[in-house]
Amino acid sequence: MTDLADRWGIHPAQSWLRGEDPARPVEFDEKSGMWNVYGHEEACQVLADAKTYSSAHVQDLFPVQADRSLREGNLLDLDPPDHRKLRNLVSKAFSGKVVADLEPRVTALTHELLDQVDPDGFELVSALAYPLPVIVIAELLGLPASDRELFREWVDKLFAQNNEFSLNDSPEKMAEDFAEVSAGLLPLQDYLREHITARRRSPGDDLISGLVQAEVDGQRLNDNEVVNFSMVLLVAGHITTTMLLGNTTLCLDAHPAQRERVRADRSLVPVAIEESLRFFTPFAALARATTTPVTLGGQDIPADQLLMVWLGAANRDGRRFADPHLFDAGRDPNPHLGFGRGIHFCVGAPLARLEGRVAVNALLDRFPGLHVDPDQAPTFMPSPAMTGVKTLPLRV
Ligand code: HEM
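Just so it is clear, the model here is predicted, and its values are computed rather than measured. Per-chain numbering applies: the sequence of each chain, read as written, is numbered from 1 onward. Whole-chain, interface and lining totals are the exception, using all residues; otherwise, since this is a predicted model, local features are given only for residues with pLDDT of at least 70 and side-chain atom pairs are given and counted only at 80 or more. To get the side-chain values, take all heavy atoms of the structure and skip hydrogens and water.

*Asks:* Explain the overall build of the chain here, please?
*Replies:* When helices and strands are counted, the chain shows 16 helices and 14 strands. Taking 21 Å as the expected radius of gyration for a compact globule of 396 residues, we find that the chain reaches 21 Å, a close match to that expectation. With respect to the principal axes defined by its C-alpha atoms, the chain has extents near 55 × 55 × 35 Å. Exposure classes here rest on a 1.4 Å probe applied to the protein chains alone. A residue is buried below 20% of its type maximum, exposed above 50%, and partly exposed in between. Counting over 396 residues, the chain shows a buried share of 55%. Residue contacts are counted whenever heavy atoms from the two residues lie within 4.5 Å of one another. Long-range pairs, those at least 24 residues apart, make up 73% of the contacts in the chain with a sequence separation of at least 6. Only the protein chains shown count as cover for residues, and all accessible areas are computed by the Shrake-Rupley method using a 1.4 Å probe. Summed over all atoms, the accessible surface of the chain reaches about 17000 Å², with 52% contributed by carbon and sulfur. In DSSP terms, a helix is any run of H or I states spanning at least four residues, a strand is any run of E spanning at least two, and both are numbered starting from the N terminus. When we talk radius of gyration, it's over C-alpha atoms, and the globule rule is simply 2.2 Å times the number of residues to the 0.38.

Here it is in structure tokens:
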């Protein structure tokens, strides 16, 4: 599998996917001006302590500030106590029980999508891995799922760059990059704003209606907050799950003995999905900023430093996982960090797990001879902060 990372052109910065272990669990990167955290234990330390390692403070460290209107209501950018107040608004909507009730809809949708594929072969991402999670999250938010090609256009642009961000970039370059991101988000924000205005006038029983009516400390959220909150749910709700479905299919294809083991014992499907999250971590890096001087992984880090927590590398840490570069569909326990840790732990994890389990079972049931097309290599997301299949041509 390690030589496959090269063959498929996975971003060279992700050296752990090539079986290389980082020299140190934490190190300063002169080129980017940031600290890289690679170790599992060190990543857990960072994610467990939101006071010392802040999410909200990250933006303050950029010499150029992103447009404030883009940040309001973005759960990922908040620290306690604001974070908890906003998170409470949605955590019930994604609880285990609510998500379990979605299973019949997720199953029906999966089969509807697979009914439409070419019986000789198909591209997994367009056929299933993209539409399934995007339709589910659009329906939960109360957006027309038929607009999904529009979302794809807008979101694809956001993640099309493979630029490696650096604090040493000139303020002009940084301002240009931020302006490009803001401009890219504008059509999606305008689209959400229209739906939000409509929902303020006539609420339904969807998540956007819930957000426009919700009160935090006796106050309604403003339009920007609802726009950004729903944007995070829409984007986080599909892009990573799309990668998870593609990556799991690819991992099982690259390990035929494991695939047959899972096919024969379906209780292993959820276990194999967790291993896929460890082995090919879709959301591979998280940013945090120090609020005070700390010692981490033997390194003294001053206050106001930017840290990149490489979940993908932590998930290959030999101090935590036996045979870290081996894909083991039965790995248990598997304390991977694919959904993060601590207060920002992925709110959508139960939904992503459900979609993964239903999709993998359906593919195993319906296509016993399914394999990666030997004539068309898969392609991958270009950013080093993401590890995931972008296209995956399959033969039936
Ligand atoms: C947070 C990964 C699916 C919504 C996170 C975080 C990770 C992650 C690593 C932590 C971010 C941080 O600490 O800064 C993933 C992966 C997924 C997935 C790998 C699929 C395989 C979903 C889905 C939804 C979702 C389906 C939506 C329903 C969110 C939200 C947060 C989040 C709203 C922010 C939570 C907070 O800040 O409190 N996700 N996610 N994710 N995820 Fe997911």
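*Asks:* What's the story with the nonpolar core in this structure? I'm lost.
*Replies:* Nonpolar side chains in soluble globular proteins tend to be buried together. Nine residue types can take part in a nonpolar core, namely buried Ala, Val, Leu, Ile, Met, Phe, Trp, Tyr and Cys, and a core is a set of them joined through side-chain atoms within 4.5 Å. If you look at the biggest cluster of nonpolar residues, it comprises 110 residues, and the most contacted ones within it are Phe94, Phe122, Leu132, Leu143 and Phe151. What phenylalanine 151 contacts, discounting residues up to four positions off in sequence, is Tyr130, Val134, Ala138, Leu143, Pro144, Asp156, Tyr191 and Leu234. Counting residues in hydrophobic clusters, the runner-up holds 17 residues, among them Val37, Ile301, Val309 and Leu337.

*Asks:* Whenever I open this one, helix α5 (residues 103-115) confuses me. Can you help?
*Replies:* Owing to its 3.6 residues per turn, the α-helix brings residues three or four apart onto one side. Between its first and last C-alpha atoms α5 spans 18 Å; for 13 residues at 1.5 Å apiece the expected length is 18 Å, and the two agree. Within the sequence span of α5, burial applies to Val106, Leu109, Thr110, Leu113 and Leu114. Along the long axis of α5, the arc covered by the buried residues comes to 130 degrees, so they all point the same way. Projecting away from the buried face of α5 at angles above 90 degrees are the exposed residues Pro104 and Asp115. On its buried face, α5 is in contact with α6 (124-129), α7 (131-141) and α16 (349-366). Helix span, as expected, comes to 1.5 Å for every residue beyond the first. Directions from the helix axis toward the C-beta atoms define the arc.

*Asks:* Just to check I follow, could you spell out the coordination of the iron atom of the ligand for this structure?
*Replies:* In ideal tetrahedral geometry, four donors around a metal make angles of 109.5 degrees, whereas ideal octahedral geometry with six donors gives angles of 90 or 180 degrees. Protein coordination of the iron atom of the ligand is limited to a single donor, Cys346 (SG), which sits 2.3 Å from the metal. With respect to the element layout, cysteine 346 can be found in the loop between α15 (311-314) and α16. Because no water is among the atoms considered, metal sites can look incomplete, with donors defined as N, O and S atoms within 2.8 Å of the metal, or 3.2 Å for Na, K and Ca.

*Asks:* What is the right way to look at the sheet that holds strand β1 (residues 26-29) in this model?
*Replies:* If you walk across this open sheet you meet the five strands as β1-β2-β10-β7-β3, and the pairing is mixed. Among the strands making up the open sheet, the edge pair consists of β1 and β3 (53-54). Strand pairing is defined by DSSP finding a minimum of two bridges between the two strands.

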